[in-house]
Amino acid sequence: MELRQLRYFVTLAEELHFGRAARREHIVQSALSQQLKRLERELGVRLLERTTHRVRLSPAGSAFLVEAREILAQVHRAAAAAERAGTAPPALWVGTPDASYDSIPQILRVVQDRWPDLEIHQVELGVADQIKLLVDGRLDLGFGRAAFVPPEVGSELCRMDPLCVLISERHRLAALPSVPLAVLAEEPILLSSDHRAPEFNQFLIELCRTAGFTPRVYPGTVDSIRAAVDLVVQGRCLACVPASSAMPFPGVRKLLIQPMAQYPWSVLWRVSNTSEQVRAVLSIARGLSRKLGWRDEPPLMASVDRSA
């Protein structure tokens, strides 16, 4: 069965006249009749009832017409989608755990400068969700700690980010130049929800255990730094974040944790995705990492307070 046979049949079903149908299809009448007889032989049913004066659909032909029209419509939609994809500008879908982290925006600014026509779509997702979408092909790149990546996802470390603690300006620790890790044993620590950032929670808990304590977890979770700041300002808890998070929030200080702990950020991608855009982002991430010293040992600092 050929698509042209379906098209000829639908045209004849609409015209119910061989001459008019042949003219619409720009073929001779005998060729139209031959193709339709061949279609009937392949199907093993009579689609048309012919007399010397008229043509009409048989019951089988009426049923076949519905499906034939749907098949032709699907073919038309497929062709239109291919045409749109062929003419549309290239696009890049990128996942990031939180819009406040500055690494991905810095990388993507360089990408956009080099490829002004590239459409970049940023999606705020936890690393676990990023991995699912990377594997499914619905995301081109991700960003986060590569602690639980499957074999289908590649990862490349691009930044070691000093860890900080968010403290209310009214908190007793706010006057310190930095916060000793051991002091956190006395404070309720806010964690992210496990579906959002299990890899960060694991990192923080393991860090506390290296100092000889298990953190006292605040009875509640958040899905964003903004939500964490609201609880910190109220004095209900402390929250730990990488230093690269922007902090344009009044009433909060961001102090380095001592001794220095660094959170590992990696670029993530689907191993089978070897597109030019993905290779370019990886190259740019490596270049920025070298230029900005993202993987260098940071100098000793007392504070990275960026409170408003």
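Predicted model, so just to flag it, every value in this text is computed and none were measured.

Student: Could you give me a rundown of the packing of aromatic side chains, with the residues and numbers involved?
Tutor: The tally for this structure, following the rule as stated, stands at 6 aromatic pairs. Clustering of aromatic rings is evident, with ring pairs tying together Y101, F143, F200, F203, Y263 and W265.

Student: Tell me about unusual backbone geometry, residues and numbers included.
Tutor: Note that the residue after Q258, namely P259, is joined by a cis bond; omega there is 0 degrees. Mapping P259 onto the fold places it in the loop between β11 (252–258) and β12 (262–270). Non-glycine residue L16 carries a positive phi angle of around 50 degrees. The topology assignment puts L16 in the loop between α1 (3–15) and α2 (18–25). Of note, the phi angle at H26 is positive, near 60 degrees, even though the residue is not glycine. Relative to the helices and strands, H26 resides in the loop between α2 and α3 (29–43).

Student: Tell me about the packing of α2 against α3, residues and numbers included.
Tutor: For the pair α2 and α3, the least separation of the axes is 8 Å and the interaxial angle reads 100 degrees. With respect to α3, the element α2 is oriented roughly perpendicular. Between α2 and α3, the residues in contact are F18, G19, A21 and A22 and Q29, L32, S33 and L36, respectively. Looking at the contact of α2 with α3 residue by residue, the class counts come to 5 nonpolar, 3 polar and no charged.

Cut-off values and rules
- Residues numbered from 1 in each chain as written.
- Predicted model: local features only at pLDDT ≥ 70, side-chain atom pairs only at ≥ 80, totals over all residues.
- Heavy atoms only, no water.
- Phe/Tyr/Trp six-rings, centres within 6.5 Å; stacked < 30°, edge-to-face > 60°.
- Helix = DSSP H or I, 4+ residues; strand = E, 2+ residues; numbered from the N terminus.
- Axes fitted to C-alpha atoms, helices over the stretch in contact; angles between N-to-C directions.
- Parallel < 35°, antiparallel > 145°, perpendicular 65-115°, else oblique.
- Contact = heavy atoms within 4.5 Å.
- Nonpolar A, V, L, I, M, F, W, Y, C, P; charged D, E, K, R; others polar.

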